[in-house]
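What follows is the residue order along each chain.
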Amino acid sequence: MPGTITPVFRSFDEARTRAFYCDFLGFELMFEHRFGPGMPLYMGVVRDGCMVHLSEHYGDATPGSAIRIAINDVRAYAVMLRAKDFGNARPGDPVSTEWQTLELTLTDPAGNRLTFYTPLPETMA
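Residues numbered from 1 in each chain as written. Predicted model: local features only at pLDDT ≥ 70, side-chain atom pairs only at ≥ 80, totals over all residues. Heavy atoms only, no water.

**Description of the nonpolar core**
Okay, step 1: By size, the foremost hydrophobic cluster in this structure holds 28 residues, and its most contacted members are Y21, L25, F27, L114 and F116.
Okay, step 2: Among residues more than four places away in sequence, those in contact with L114 are F9, F20, Y21, L25, I67, I69, L104, T105, L106 and D108. (Core = buried A, V, L, I, M, F, W, Y, C linked by side-chain atoms within 4.5 Å. Buried < 20%, exposed > 50% of the residue type's maximum accessible area, 1.4 Å probe, protein only. Contact = heavy atoms within 4.5 Å.)

**A look at the environment of T62**
Okay, step 1: On the secondary structure map, T62 appears in the loop between β4 (50–55) and β5 (66–70).
Okay, step 2: Residue classification places T62 among the exposed positions, given a relative accessible area of 51%.
Okay, step 3: Linking T62 and A110, residues 48 residues apart in sequence, is a C-alpha distance of 9.3 Å.
Okay, step 4: Each residue touching T62, except ones within four places of it in the same chain, is listed here: R10 and N112. (Helix = DSSP H or I, 4+ residues; strand = E, 2+ residues; numbered from the N terminus.)

**Re the sheet that holds strand β2 (residues 28–33)**
Strand-to-strand pairing in sheets goes through backbone hydrogen bonds, with the strands running parallel or antiparallel.
Okay, step 1: Read across the open sheet, the four strands follow the order β1-β4-β3-β2; overall the sheet is mixed. Both outer strands of the open sheet, β1 (8–10) and β2, are each paired with one neighbouring strand and no more. If you compare each strand with its neighbour and ignore which way they point, the axes differ by 25° on average.
Okay, step 2: Relative to β4, β1 runs parallel, the two sharing three bridges. Bridged to V8 within β4 is H53.
Okay, step 3: Each of β1, β2, β3 (42–47) and β4 is contacted by helix α1 (residues 14–24), which is oriented at about 15° to β3, the strand it contacts most. (Pairing = 2+ DSSP bridges. Axes fitted to C-alpha atoms, helices over the stretch in contact; angles between N-to-C directions.)

Have a look at this one:
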């Protein structure tokens with residue numbers, strides 16, 4: 001689709017990456033690829049139209065990268081994530097920003113940051 005941007009994040013541990021993105025954040029697996037047995041994994045996940053590629057290949061992306069993902073209700077998403085009682089992430093409450101958003105930032109197993117945000121209505125700003 002023209003104009004679509006798909007970020008690529010570096011990953012190091014297939015099981016932890018899959019658990020974080022699919023089991024915890026609620027992304028669905030789109031595909032996975034290896035050039036052969038025992039080779040690094042390259043996989044794609046999607047949630048509500050937001051696609052992310054995750055790569056174990058050297059040279060693909062830099063650990064500690066960051067993206068922002070717009071969602072309809074970041075408060076409800078935070079409540080849902082806390083209810084999962086995930087072993088490596090306990091999100092707090094979303095915070096209001098000066099740029100009129102409510103945001104929740106989480107860090108994946110490779111140190112990449114995902115900020116989920118909802119624009120605040122003008123009357124709440």
